[in-house]
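Understanding the architecture of this molecule
Letter by letter, the chains look like this.
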Amino acid sequence: MIKRAVPRRAALLYFDCGFPFLQCPSYRLNFRKGFPVSQSILLIISGGIAAYKSLELIRELGRAGVKTRTILTRAATQFVTPLSVSALSGEKCFTDLFDLDDEAEMGHIELSRSTDLVVVCPATADLMAKAANGLADDLASTTLLATDKQVLFAPAMNVRMWQHPSVQKNVETLRAQGSVVLDPDEGLMACGEFGPGRLPEIDRIKSAILAALKPDTSLSGKHILITAGPTREPIDPVRFLSNHSSGRQGYAIANALSARGAKVTLVSGPVSIAPPTGADLVNVETAEQMLTACETALPADVFISVAAVADWRPANASDTKLKLKGGKDPVSMEFVENPDILKTLSKKSKSRPGLVIGFAAETHEVEKYAREKLRKKGCDWIIANDVSGDVMGGTDNQVSLYTEDDVEVSPDASKDQIADWIAERIAKALNAD
Ligand code: CTP
């Protein structure tokens, strides 16, 4: 066991000084504008393969001016060392409930209280089960039981474990107790299986932490309606026409807006990602259903049309499965145009949202088509992106925001960061009115 990963004198400096980050050049340089230096979190790292990602979280939080004190569970020490954790956080890393030295210096009760937020990252099924059921047999679980602060869990586990009714019941219990449990990301796991269970992206965890530390209320009182995902247009009971939209960008925007206090209604086509926390989700399949759901959700202050709506639908969807004719003649099918949801909601009317935003996914001549769509659809902004690469199924994106007489280009970043970038501009536009 490591008794003192950071020398006592250094630890005392941090505890005693009113402006601890001034002691550390990396904090001084990366101090987030407007963020109070006194904000701190207690990060509990439990034992999963994703534990190494908590090191990046500590570094990112440091850049945002948030001080991190850490606890490693016994299992977590198999994945990361207390030395690397304390080197990054600039704080002693606590590891054992029954270390009398630690208890004399800072007992688990004080540790659990002298923070603004407790974060468990990664949160294993085991530690969430203990927290949900009030078990306390080590420093991490005892601290979770003793704390009077908000707790945020960032789960990471195998897909079958995440979907197990016991884990889902524990997640529900923790949420009912007032804790925030982030939905895990979906994707390929270290164990080789695919599905929800991956640790949420560090950017998403960081945003949730910053939101919990200092709630951003720049969009509170605003109702924002968003469409996301593809639509599915039936051909017969077993076939449909659709596209590759994953829904990720729309879901990330919904998350970023509700983190700023907006009431968000998300009308979504069929996707296989976790529902966003804090938005009212309305599931639809076809473009016609999407339009009806949007009209029902009005009035709204902002409408954001992120969905990749199918332009056409089969004119006569069959009630029974279509059968092969067996001939060599080409097979033909009639299509009719779907309603244009963005154009419909952009029309001047009493219920037109004050700010209407469309998306334009283009493979070439992005600016030309974006400006054309701005005009044709009658919306206020077009957010255009180049989808000639793997944007539609991927996690990264870069967008340009076109208004009638301006354009602003975002950084090339994760879809979560792009969502934040867009949310910031929406808040600025609404608050300028
Ligand atoms: N859109 C919509 N309803 C449709 C088609 C598109 O609301 N039936 C919205 C999309 O959500 C997006 C914008 O219109 O915000 C542009 O969509 P896009 O598919 O890029 O453009 P289209 O109008 O379909 O034109 P094209 O496919 O020819 O590029």
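Here we summarise the structure given alongside this text. Along each chain, numbering runs from 1 in the same order as the chain's sequence is written. Where local features are concerned, this predicted model is filtered to residues with pLDDT of at least 70; where side-chain atom pairs are given and counted, the filter is 80 or more; whole-chain, interface and lining totals use all residues. Computation of side-chain values covers all heavy atoms of the structure but excludes hydrogens and water.

1. Digging into unusual backbone geometry
Along the chain, Cys 121 connects to Pro 122 via a cis peptide bond; the corresponding omega equals -5 degrees. With respect to the helices and strands, the residue Pro 122 is situated in strand S4 (residues 117-123). Along the chain, Leu 298 connects to Pro 299 via a cis peptide bond; the corresponding omega equals 5 degrees. Within the element layout of this structure, Pro 299 appears in the loop between helix H13 (287-297) and strand S14 (302-305). Under the DSSP-based scheme used, a helix requires at least four consecutive residues in state H or I and a strand at least two consecutive residues in state E, with every element numbered from the N terminus.

2. A short note on the site of the ligand
When at least one non-hydrogen atom of a residue lies within 4 Å of a molecule or strand, that residue is treated as near it. Neighbouring the ligand are 14 residues, the closest being Ser 305, Ala 307, Phe 359, Lys 373 and Lys 377. Whenever a nitrogen or oxygen atom comes within 3.5 Å of another N or O atom, the pair is scored as a polar contact, on the condition that within protein one atom can donate a hydrogen and the other can accept it, and that pairs from neighbouring residues in sequence are kept only if both atoms are in side chains. Between a nitrogen atom of the ligand and a main-chain N or O atom of Pro 339, the distance comes to 2.9 Å. Between the ligand and the protein, one listed contact pairs an oxygen atom with a side-chain N or O atom of Lys 373 at 2.8 Å. Look at the ligand: alone it shows 570 Å² of surface, and the protein chains cover 76% of it. Of all elements in the fold, only helix H14 (341-346), strand S17 (355-362) and helix H15 (366-377) reach the threshold of two or more residues within the shell around the ligand. Broken down by element, the residue count for the shell around the ligand peaks at 4 residues, all from S17. Amino acids outside the nonpolar list (Ala, Val, Leu, Ile, Met, Phe, Trp, Tyr, Cys, Pro) and the charged list (Asp, Glu, Lys, Arg) are all regarded as polar, and Gly is one of them. Across the shell around the ligand, the residue classes tally to 8 nonpolar, 2 polar and 4 charged. In short, Shrake-Rupley with a 1.4 Å probe defines the accessible areas, and a residue's cover is counted only from the protein chains shown.

3. Some details on the environment of Ser 179
If you trace the backbone, Ser 179 turns up in the loop between helix H10 (165-176) and strand S6 (180-181). Sequence separation between Ser 179 and Lys 149 is 30 residues; the distance between their C-alpha atoms is 9.4 Å. Residues count as neighbours in contact if any of their non-hydrogen atoms are within 4.5 Å of one another. The contact partners of Ser 179, leaving out residues within four places of it in the chain, are Gln 150, Val 151, Phe 153 and Leu 174.

4. Looking at a nonpolar patch on the surface
The patches described consist of residues with a relative accessible area above 30% and no salt bridge, like charges being joined within 9 Å and nonpolar side chains (Val, Leu, Ile, Met, Phe, Trp, Tyr) within 5 Å. What counts as a salt bridge is simple: a side-chain nitrogen of Lys or Arg found within 4 Å of a carboxyl oxygen of Asp or Glu. Taken together, the side chains of Trp 312, Leu 322, Met 333 and Phe 335 make up a nonpolar region of the molecular surface, amounting to roughly 390 Å² of accessible area. Inspection of the secondary structure puts Leu 322 in the loop between strand S15 (312-314) and strand S16 (335-337).

5. Brief notes about H10
For a helix, the expected span equals 1.5 Å multiplied by the residue count minus one. Over its 12 residues, H10 runs 16 Å from end to end, which matches the ideal 16 Å to within 8%, given 1.5 Å per residue. Working definition: with a 1.4 Å probe on protein chains only, accessible area under 20% of the residue-type maximum means buried, over 50% means exposed, and in between means partly exposed. What H10 keeps buried is the set Val 167, Asn 170, Val 171 and Leu 174. Considered in projection along H10, the buried side chains sweep an arc of 105 degrees and stay on one side of the axis. Along H10, the residues that are exposed and aim more than 90 degrees away from the buried face are Pro 165, Lys 169, Glu 172 and Ala 176. At its buried positions, H10 is contacted by helix H7 (125-133), strand S5 (151-155), helix H9 (159-163) and S6. Positioned one or two residues after H10, Gly 178 has a phi angle of 100 degrees, which is positive. The arc under discussion is defined with respect to the helix axis, by the directions toward the C-beta atoms.

6. Focus on the sheet that holds S4
Pairing in this open sheet of 6 strands is parallel, and the strands run S3-S2-S1-S4-S5-S6 from one edge to the other. Two strands lie at the open edges of the sheet, namely strand S3 (93-94) and S6, each paired on one side alone. Being paired, for any two strands, means DSSP has found at least two bridges between them. Alignment of strand S2 (residues 67-72) against S3, held across 2 bridges, turns out to be parallel. Among the inter-strand pairings, Thr 70 is bridged to a residue of S3, identified as Cys 93. Here, axes are lines fitted to C-alpha atoms. For helices the fit covers the stretch in contact, and angles between N-to-C directions go from 0 to 180 degrees. Taken strand by strand, helix H3 (residues 53-63) contacts strand S1 (40-45), S2 and S4, and its axis lies near 175 degrees from that of S1.

7. Side note on the pairing of S17
The buried fraction of S17 is high, at 7 of 8 residues. Bridging between S17 and strand S18 (residues 381-386) involves 6 bridges; their strand directions are parallel. Bridge pairing in S18 places Ala 361 opposite Asn 385. Looking down the strands as they point away from you, a crossover is right-handed if its path from the first strand over the helix to the second goes clockwise. After leaving S17, the chain enters H15 and then returns to the sheet as S18, a path that is right-handed.

8. A word on a positive patch on the surface
Counting rule applied: Lys, Arg positive; Asp, Glu negative; His and chain ends not counted. Note that the charge is assigned to NZ on lysines, CZ on arginines, CG on aspartates and CD on glutamates. Residues Lys 343, Lys 347, Arg 375 and Lys 376 make up a contiguous surface patch of positive charge. Looking at the secondary structure, you find Lys 347 in the loop between H14 and S17. A relative accessible area of 54% means that Lys 347 is categorised as exposed.

9. Here's the deal with the packing of aromatic side chains
Here is the rule: rings of Phe, Tyr and Trp (six-membered ring for Trp) pair when centre to centre is within 6.5 Å. Planes less than 30 degrees apart are stacked, more than 60 are edge-to-face, and the remainder are tilted. This structure, assessed with the given rule, holds 0 aromatic pairs. Charge-over-ring contacts are defined here by two conditions on Lys NZ or Arg CZ: a distance within 6 Å of the ring centre and an angle within 35 degrees of the ring normal. Directly above the ring of Phe 94 sits Lys 92, whose terminal nitrogen or CZ lies 5.7 Å from the centroid.

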